[in-house]
Amino acid sequence: MSDTYIYIAIVITAIATYLPRFLGVFSSDFVNEEGKLFKFVSCISYGILAALIARIFIHPVGALEQTSTMVRLIAAGLTIVVLFLTKKNVLFSSLFGVILFGILNLYFN
Amino acid sequence: MNRTFDNHFKKGCRTALGIPGISLAASFFALGALFKNSGLNAMQSFLSTLIGFALPGQVVMAETLIVNGTLLNILIAVFLTNARLYPMTVNLVPVIRQKNRPRWHYYFLAHFIAVTSWVYMLSNYNKISKENRFSFFLGLGATLWVLSTIATVIGFYTAGIISKKVFVAIIFLNPIYFMCMIVSVLNKLHIILTVFLSIILAPILFLVTPDWSVLLAGVISGIVSYFFFIR
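Residues numbered from 1 in each chain as written. Chains lettered and ligands numbered in written order. Predicted model: local features only at pLDDT ≥ 70, side-chain atom pairs only at ≥ 80, totals over all residues.

Side note on the overall build of chain A
- Across its full length, chain A holds four helices and zero strands.
- The order of α-helices and β-strands along chain A, N terminus first, is α-α-α-α.
- Considered along the principal axes of its C-alpha atoms, chain A spans approximately 50 × 50 × 20 Å.
- Taking all 109 residues of chain A together, the buried fraction comes to 45%.
- Nonlocal contacts in chain A, meaning residues at least 24 apart in sequence, comprise 40% of its contacts between residues at least 6 apart. (Helix = DSSP H or I, 4+ residues; strand = E, 2+ residues; numbered from the N terminus. Buried ≥ 20, exposed ≤ 12 C-beta atoms within 10 Å, placed from the backbone. Contact = placed C-beta atoms within 7 Å.)

Some remarks on the domain arrangement of chain B
- Per the domain assignment, the segments making up chain B are domain 1 (2-172) and domain 2 (186-231).
- Centre-to-centre, using C-alpha coordinates, domain 1 of chain B lies 24 Å away from domain 2 of chain B. (Domains from an automatic or database assignment.)

Some words on the environment of A:Thr17
- Following the sequence through the fold, A:Thr17 ends up in helix 1 (residues 3-27).
- Separated by 26 residues in sequence, A:Thr17 and A:Cys43 have C-alpha atoms that sit 22 Å apart.
- For A:Thr17, the residues in contact, after removing those within four places along its chain, are B:Gly52, B:Ala54, B:Gly57, B:Val78 and B:Asn82.

Overview of the interface of chain B and chain A
- Contacts between the two partners involve 78 residues from chain B and, on the opposite side, 67 residues from chain A.
- With 17 residues, the top contributor of residues to the side of chain B that touches chain A is helix 10 (residues 164-184) of chain B.
- Of the residues contributing to the side of chain B that touches chain A, the split by class is 56 nonpolar, 20 polar and two charged. (Nonpolar A, V, L, I, M, F, W, Y, C, P; charged D, E, K, R; others polar.)

Quick look at the packing of helix 1 of chain A against helix 3 (residues 42-51) of chain B
- Axis separation between helix 1 of chain A and helix 3 of chain B bottoms out at 9 Å; the angle between their running directions is 15 degrees. Classed by the angle they form, the pair helix 1 of chain A and helix 3 of chain B counts as roughly parallel. Of the two elements, helix 1 of chain A crosses helix 3 of chain B, and the hand of that crossing is right-handed. Between helix 1 of chain A and helix 3 of chain B, the contacting residues are A:Ile6, A:Tyr7, A:Ile10, A:Thr13 and A:Ala14 on the first element and B:Gln44, B:Leu47, B:Ser48 and B:Ile51 on the second.
- The residue makeup of the contact of helix 1 of chain A with helix 3 of chain B, split by class, is six nonpolar, three polar and no charged. (Axes fitted to C-alpha atoms, helices over the stretch in contact; angles between N-to-C directions. Parallel < 35°, antiparallel > 145°, perpendicular 65-115°, else oblique. Left-handed = near helix turned anticlockwise from the far one by under 90°.)

Describing unusual backbone geometry
All names here are of chain A.
- One non-glycine residue, Lys87, adopts positive backbone phi at about 55 degrees.
- Here Lys87 lies in the loop between helix 3 (69-85) and helix 4 (90-107).
- We note that Lys88 has phi near 65 degrees; this positive angle belongs to a residue other than glycine.

Considering the environment of B:Leu34
- By secondary structure assignment, the location of B:Leu34 is in helix 2 (residues 19-38).
- Under the C-beta neighbour-count criterion, B:Leu34 is labelled buried, with 22 such atoms within 10 Å.
- Measuring from C-alpha to C-alpha, the distance between B:Leu34 and B:Thr152 comes to 9.5 Å, with 118 residues separating the pair along the chain.
- Not counting residues up to four positions away in its chain, the partners in contact with B:Leu34 are A:Gly62, B:Val59 and B:Ala62.

Details of helix 3 of chain A
Residue and element names in this part refer to chain A.
- Given a rise of 1.5 Å per residue, 17 residues ought to cover 24 Å, and the 24 Å separating the end C-alpha atoms of helix 3 matches this to within 8%.
- Among all positions of helix 3, only Val71, Arg72, Ala75, Ala76, Thr79 and Leu83 are buried. The buried residues of helix 3 all sit within an arc of 130 degrees when viewed along its axis, so they share a single face. Residues Met70, Leu73, Gly77, Val81, Phe84 and Leu85 are exposed on helix 3 and point more than 90 degrees away from its buried face.
- Within two residues after helix 3, Lys87 carries a phi angle of roughly 55 degrees, on the positive side. (Expected span 1.5 Å × (residues − 1). Arc of directions from axis to C-beta.)

Listed below in structure tokens is the structure:
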């Protein structure tokens, strides 16, 4: 695999990444903050994000793939409990989740 | 006007330097290590985040390169992976839109729309006056972009130095942060139903069509909850 080939791949990736953003700005002309279309797009966006997160926890790719699914799910579940106990303190809960995952992963993997 | 712009731009920058930036930088740090293991050099890793700033698409590119995929494979796979950016952008622009701002500003700003900046902005835009949202988001998005680019290069050079267990925990920060952000803003019925439905559907659809599961689960759950609660 030559260096030039990788550079072309990077440029192609950049184009394929910018295209949905470009089309999104273009389409946003038809959407206003109070309208039903805005709520519809919100539903789709949150839906995709939730699916993405579920996939990372249940079927991850890369380094997380080698960790236990049970450990990932326990860490995520307890983090949600802590999030509600701390009145939705995102910073504290995120750090709690990572540290818990780190410890569990050390002993149960 | 300019001073107001500056103040909100700086506020956006400062916000990015907190937990959103730390969490995103952790993921790009891991990406830098992945790039090194995939055969990219430091300049290529730097350039990838600089011009193709969206982590899942960059991971797909590296994985396709490893298996000697063609450039067309890369184009299609990355576009499908990053298709989520389309509804996210359609959703975000009306929130930050200002009457007299030239259109090209939004096309420029679009480069900084990614999950972390989007989740933060959509969760907090009510706290920022309409005329200041553009400058705030520009500060937030641009700072996250710079941090991510730096983190990619650091990750590239430190690959292999950090223990594997610590490395995996660092990667876990980003999904945990996304999850906390989304759960913390679940206050509207249509969004709550969408999220729950999508979490159930995504793993099931993964068994049928791994490549399309995220997109399909999101779209189906979004449509169902829209027709249930909004229409």
